Amino acid sequence: MAADRSDSAGAPGGAPARPRLPGGSLAPRGSATGQLAKIAVLGLAAAIALWAVFPLYAARQWTGVAAVVAVTALIFYVYLSKRAVPAKYLVPGTLFLIAFQIIPVLYTISTSMTNYSDGHRGTKEQAIDQIEASSVERTPDSTPYTLTVAARGSSSEGELVFLLTDPDGDAYAGDTDGLQPLTGASVDPSGKVADAPGYTVVPPSEANARSEEITEFAVPTGSGTGIRSSGFSSAFEGRSRLAYDAGCDCVTDAESGRVYTADDERGAFVAEDGDRLPQGWQVDVGMANFARFVGDPETRSSFLSILTWNVAFAAGTTAMVFVLGLGVALTLHTREPLAGRTAYRLLVVLPYAMPSFAMFLLWKSMFNADFGLVNRLLGLDLDWFGHPWSARAAVLIVNIWLGFPYMFLVATGALQSIPRELVQAARIDGAGAWQALRRVTLPLLMVSMAPILVATFAFNFNNFNAVWLTTEGGPFPTDSPLAGATDLLITYTYRLAFGVSGAQYGYAAALSVFIFLIVTVMSVVSLRRSASLEEIHR
Amino acid sequence: MTATAAPQRASTRRRSAPRRAVLWFQRTGWRHLVMLVFLVFALFPILFVVSAALNPLGTLSSSTLIPRAAGLQNFAELLESTRFGRWYGNTLLLALTNAAATVLLSAMAAYVFSRFRFRGRRLGLYGLLVIQMFPQFLAIVAIYLMFSTVSDYWPVLGFNTPWGLMLVYLGGALSINTWLMKGFFDTIPPALDESAKVDGATHAQAFFRIMLPLVTPVLAVVALLVFIATVNEFLLASVFLRDPEAKTVAVGLYGMVADQRDANFGLFSAGTLLLAIPVLAVFWFLQRYIAEGLTSGAVKG
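None of these values were measured; they are calculated from a predicted model. (Residues numbered from 1 in each chain as written. Chains lettered and ligands numbered in written order. Predicted model: local features only at pLDDT ≥ 70, side-chain atom pairs only at ≥ 80, totals over all residues. Heavy atoms only, no water.)

Across the contact, 119 residues belong to chain B and 114 residues belong to chain A. When chain B packs against chain A, close to 10700 Å² is buried across both sides, 76% of that on carbon and sulfur atoms. At the junction of chain B with chain A, the criterion picks out zero salt bridges. On the surface where chain B and chain A come into contact, there are 11 residue pairs in polar contact (both at pLDDT 80 or more). For the side of chain B that touches chain A, a count of residues per class yields 84 nonpolar, 21 polar and 14 charged. (Contact = heavy atoms within 4.5 Å. Buried area = accessible area lost by both parts, 1.4 Å probe. Salt bridge = Lys/Arg side-chain N within 4 Å of Asp/Glu carboxyl O. Polar contact = N/O pair within 3.5 Å; in protein donor to acceptor, adjacent residues only side chain to side chain. Nonpolar A, V, L, I, M, F, W, Y, C, P; charged D, E, K, R; others polar.)

Another aspect to go through is the UniProt feature "transmembrane region" (unreviewed entry) in chain A. Following the UniProt record, one finds the feature "transmembrane region" (unreviewed entry) at residues 36-56, 62-80, 89-107, 307-332, 344-363, 393-415, 436-459 and 505-527 of chain A. Summarising residues 307-332 of chain A: 100% helix, 0% strand, and an end-to-end C-alpha distance of 37 Å. (UniProt positions renumbered as here; feature names shortened; annotations may be inferred. Helix = DSSP H or I, 4+ residues; strand = E, 2+ residues; numbered from the N terminus.)

Residue and element names in this part refer to chain A. With respect to burial, strand β4 (residues 171-175) is a largely interior element, four of its five residues being buried. Strand direction decides the pairing type here: strand β3 (residues 159-165) and β4, joined by four bridges, are antiparallel. Counterpart to Leu163 in the pairing with β4 is Ala173. Pairing between β4 and strand β5 (residues 178-181): four bridges, direction antiparallel. What sits directly across from Tyr172, in β5, is Pro181. Hairpin connection, β4 to β5: the antiparallel pair is bridged by two residues. (Buried < 20%, exposed > 50% of the residue type's maximum accessible area, 1.4 Å probe, protein only. Pairing = 2+ DSSP bridges.)

Time to look at the state of the cysteines. All names here are of chain A. Within this structure, the stated rule accounts for one disulfide over all chains. Residue Cys248 pairs covalently with Cys250 via a disulfide, S to S 1.9 Å. On the sign convention where negative means left-handed, the S-S torsion of about -55° between Cys248 and Cys250 marks this disulfide as left-handed. With relative accessibility at 37%, the residue Cys248 sits in the partly exposed group. (Disulfide = S-S within 2.5 Å.)

Residue and element names in this part refer to chain A. The strand order β12-β13-β14-β15 describes an open sheet built from four strands, whose pairing is antiparallel. Every interior strand has two partners, whereas the edge strands, β12 (242-245) and β15 (268-271), have only one. Between one strand and the next, the sheet's axes are offset by a mean angle of 30°, whatever the strand orientation. Where β12 meets strand β13 (residues 250-253), four bridges bridge the pair, whose relative direction is antiparallel. Bridge pairing in β13 links Tyr244 to Val251. Where helix α5 (residues 124-134) meets the sheet, it contacts β12, β13, β14 (259-263) and β15, and its direction lies at approximately 150° from that of β12. (Axes fitted to C-alpha atoms, helices over the stretch in contact; angles between N-to-C directions.)

Quick look at the domain arrangement of chain B now. Residues and elements named next belong to chain B. With domains assigned, chain B is organised as domain 1 (2-54) and domain 2 (79-299). Taken together, the contacts link five residues of domain 1 with six residues of domain 2. On the domain 1 side of the contact with domain 2, Val49, Ala52 and Ala53 bury the most area, a combined 76% of that side's loss. Counting across the interface, domain 1 meets domain 2 through zero salt bridges. Here domain 1 is connected to domain 2 by zero residue pairs in polar contact (both at pLDDT 80 or more). Within the side of domain 1 that touches domain 2, the residues separate by chemical class into five nonpolar, no polar and no charged. (Domains from an automatic or database assignment.)

Phi angles above zero are rare outside glycine, and Asp249 of chain A is one such case at about 50°. Assignment of secondary structure puts Asp249 of chain A in the loop between β12 and β13. For Asn160 of chain B, which is not glycine, the phi torsion reads 65° and is therefore positive. Within the secondary structure, Asn160 of chain B sits in the loop between α6 (140-153) and α7 (162-170). According to the relative accessible area criterion, Asn160 of chain B is partly exposed, its value standing at 24%.

Structural data, given as structure tokens:
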């Protein structure tokens, strides 16, 4: 590396370019190594494409096959053509960006206009299948099956699958989509499946833990019929009590005679008295999710208080971190010999170099009311995370502790890049130390630090770990268990989407989009003001 | 240490002792005082982790700032009773690979944004700035569904593997880091790579042989930032890696203290210290570039 540097970088900079030899422009360009590397990379791309396309082809997923072929063709075109030089450098990163950022973001935006949530996950057909299958009851002519409970992936977390053996000994795999023949499974004489490719058999101990899920699980097998379990080792096929009739687009309860009519705006079957079946389907609700945090007074007030604290948290962190970081940088920034300067630098930076997720958990322990270090050291008996303001103070302290060393590093670099003559000239002209700092050093410093301050603000605006790993958003007021005193929009959203009280993805997605808009507008406006974006126009 | 300089000066200038002390304080003494305060704030939590990791009892309630007894029991137990070794390996694999790949992808993009003028350049630069404002993990439902399908077709890239998670991380390779790098690339005089091209170098040679060695500081900084961020990434990892063998240290340690904070505190502290070693090593190794890499790109406004 070092040798390369002096060879290639030194010569063109030091000496004026040598006159080219006649015919130089006709000489072959590029080295053999370069050509070989290109061939190797393209070969690798082709190999990966082949590997990726095979399972898609086997599953007759033509859209997937087309996508793989298109991407591979694009890669070959870009790297074999002589034109489109920028694309050669942009394509790899951009492909990842599109696949794992832009597509998920677009998906989130489209989800934000639906009612996607627990009970509204799939299509109407799936909901009907589920309604019919889950109301299956045993009839005199029910077919009995031997049941083996299995899962896709991990046996404790993965999606449930019923491996079923009928009285003739044929094995099937049943999931919420229906029944499929099971191939390659080893079935023991009792009919239990010992092992099946692609599935993990759930051992009895874990089946116990998931018993509720197993009891509710139903495999639809046709119109009005389905398979349900009875215990962990047998299942039966029976008729459903609830049956769908396409004529009236409604579900009728055969026992009580109640009729649930499909409501295509809310995505649920609703009875006349307003009672609805738990299994619904996903429908577009337009802007209703966005209207919720503007229109619904309860949501609006908790939303506004979270937004206020969120801005205060990000701004407070950025300001304090900047002041402390700059303070340390200025303290160490002197031409006088300062004993131990290097040691100071290394020690102050230590918090930044520690794994931050662990430091959040550590501070959480230190703020522990019963045996936390902070209370012991200060002789206090304060339940830090029990009161809104002390919890907020604690979160800010933790975040400042983690953030100021980084700002110190940046400020040191920025200070060193400011010519000392400027400050000296100001001092000679009669400015005091404070005036020189305020009028000369700081304005110059802000030029280089403004983008970093904006980035710090944007990062802390969405600093999930800082809140989730310390207070988890708490303490919560007794009347609203969803919006805590230290909640940021992002932790609030996370709780809505993945919380215990039923997932509300649609609403959470709408909040995500909203957060995105806020942060983008704030960042672009402040970056514009700091004129850092100017250079992209050159 | 500072006292050694003062007497020499005093012997030549003949000032009274109190006057000398005041002078010393005005000049450098206050700096030591301020630094002392900052150091106490910066270091006492770290001292506490060290002390708790050495505490043989291993509980939070028995841990003190200054260790009363010291032993390596926590470290031994951590390595024996948990899969810490595997978690550690997973974390290092993810962090190193992600840092290396991100630096390469980001530098390539920064190079063209800095040196070429093409259609879509402005859109691309603004787009990068805007897209990274979207909190990636809020798209987690979409990513989860996407990888449920991926797990079916290509189990190697699915859940409970480092490679699937790596792909998601690489989705963020082009980001604010690309801006940081572009700023630094802009400070390298274009004459350098242009004259190389006049001499017959291809754009690839100009990039790999001339530009990359000149922008080492910013490459180091981005590598460091990405490494630290990946080690600390908790949320996506906790969704992707459920299998005890596949976890990273962040997910594993969180699981350890999530329910049994008091009892496992010694183990947790020991794990934290072990994880801090590679982070510190990377940090020490690259820190001389940091100040330069972070600011020089931006200074020329």
